[in-house]
Amino acid sequence: MNIIIIEDELKTAKSLENIILSLRPDVKIVGQYQSIEGSVKALLEQPQPDLIFMDIQLADGLCFEIFKQVKVNSPIVFCTAFDEYSLEAFKRNGIDYVLKPFSKTDIQEAFQKVDGLQNFFQQKVIPDLSNLLTKLSSPAGKESFLVFKNQKYTTVQTENIAFFYIRNDASTIMCFDKQEFALSQSLDQITALVSSKQFFRVNRQYLVNFKAIKEIEHYFLRKLFVKLVIETPDKLLINKEKTPAFLSWMEDR
């Protein structure tokens, strides 16, 4: 079996490669790509692989742009920190949708689905998506975070958090009362822990609480400018590729 990995975070791509080879030593990783442009070029110029592991948010946009430029016949396992794209993923040869941070068990289960769908496209068999949709049903989310500050441990209720953001290369909580706390988890990990209905990853640096959003303005190049009820260290911009998902999330109340 030939496999390609499309993932813009090199550490994540390497971790995924190691898990794949530990589970299936006989497979070949025939390519790793970090961008839409590189992926499209590879899929056009080389034979398509037997399976693709694909992140949704790539360095130059959402992976769905790939399908507008090249016909992809390979089954795909989507690996991402964002669950709001699940239905779109199923339309794009998706046979599984693994949320980050993924485990070896998650990848093993994905391979089991691949095994169960041998000759999938030739037989035009529709996969059973009920278990996948159940898996993707939005959980209540983590209710609090344990933090350490001033030589003391305490908990911060998630409902009191206005946003999470990257500060000095570390994840940081900003509460509605403007208290700040450092966290050991990455922003990808935090995104997977909190409710996707309550929090939205507006960009790589910010994960925002719906209750913290004050107003939204149109910005240059079809971006959105998001203003919160408390000031953020950086201007919150949402790129045009992510705008439809964000507006849908805002409306889904």
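So, here's what we can say about the structure. Treat the numbers as computed from the prediction; the structure is a model and nothing was measured.

A closer look at the overall build of the chain
Part 1 of the argument: When helices and strands are tallied, the chain shows 9 helices and 17 strands.
Part 2 of the argument: By residue count, 47% of the 253 residues in the chain fall in the buried class.
Part 3 of the argument: For the chain, restricting intrachain contacts to residue pairs at least 6 apart in sequence, the fraction spanning at least 24 positions comes to 53%.
Part 4 of the argument: Carbon and sulfur atoms make up 49% of the accessible area of the chain, which totals about 13,800 Å².

Concerning the sheet that holds strand β17 (residues 236-238)
Adjacent strands of a sheet form backbone hydrogen bonds with each other and so pair up, either parallel or antiparallel.
Part 1 of the argument: Within the open sheet, the 3 strands sit side by side as β15-β16-β17. Their pairing is antiparallel. This sheet does not close on itself; its edge strands, each paired only once, are β15 (213-218) and β17. Direction aside, neighbouring strands of the sheet carry axes that sit 30 degrees apart on average.
Part 2 of the argument: Relative to β17, strand β16 (residues 224-228) is paired through 3 bridges, and the arrangement is antiparallel. Looking across to β17, one finds that Phe 225 is bridged to Leu 237.
Part 3 of the argument: Sheet contacts for helix α9 (residues 243-251): β15, β16 and β17; angle to β15, the most-contacted strand, approximately 145 degrees.

Overview of the pairing of strand β14 (residues 206-209)
Part 1 of the argument: What you see with β14 is no split at all: Tyr 206 and Val 208 on one side and Leu 207 and Asn 209 on the other are buried throughout.
Part 2 of the argument: Here strand β13 (residues 199-201) pairs with β14 via 3 bridges, running antiparallel. Residue pairing across strands places Phe 200 opposite Val 208, the latter belonging to β14.
Part 3 of the argument: Linking two consecutive strands that pair antiparallel, namely β13 and β14, is a turn of 4 residues.

Notes on the sheet that holds strand β11 (residues 170-175)
Part 1 of the argument: The strand order across the open sheet built from 5 strands is β12-β11-β10-β14-β13, with neighbouring strands paired in antiparallel fashion. Each end of this open sheet is capped by a strand with a single partner; those strands are β12 (180-183) and β13. Neighbour-to-neighbour, the strand axes of this sheet turn through a mean angle of 20 degrees, independent of strand direction.
Part 2 of the argument: As defined by bridge partners, β11 adjoins β12 across 4 bridges and the pair is classed as antiparallel. Bridge pairing in β12 links Ile 173 to Phe 181.

Notes on the nonpolar core
One broad rule of soluble globular proteins: the nonpolar side chains tend to lie buried together.
Part 1 of the argument: Ile 6, Ile 52, Met 54, Cys 63, Ile 66, Val 72 and Phe 78 are the most contacted members of the largest nonpolar core, which has 21 residues in total.
Part 2 of the argument: Elements with a minimum of two residues in this core: β1 (2-6), α2 (36-45), β3 (51-54), α3 (64-69) and β6 (76-80).
Part 3 of the argument: No other element matches the 4 residues that α2 contributes to this core.
Part 4 of the argument: Beyond its immediate chain neighbours, meaning those up to four positions away, Cys 63 contacts Met 54, Asp 55, Ile 56, Leu 58 and Phe 78.

Conventions adopted
Residues numbered from 1 in each chain as written. Predicted model: local features only at pLDDT ≥ 70, side-chain atom pairs only at ≥ 80, totals over all residues. Heavy atoms only, no water. Helix = DSSP H or I, 4+ residues; strand = E, 2+ residues; numbered from the N terminus. Buried < 20%, exposed > 50% of the residue type's maximum accessible area, 1.4 Å probe, protein only. Contact = heavy atoms within 4.5 Å. Areas by Shrake-Rupley, 256 points an atom, 1.4 Å probe, with all protein chains shown as cover. Pairing = 2+ DSSP bridges. Axes fitted to C-alpha atoms, helices over the stretch in contact; angles between N-to-C directions. Core = buried A, V, L, I, M, F, W, Y, C linked by side-chain atoms within 4.5 Å.

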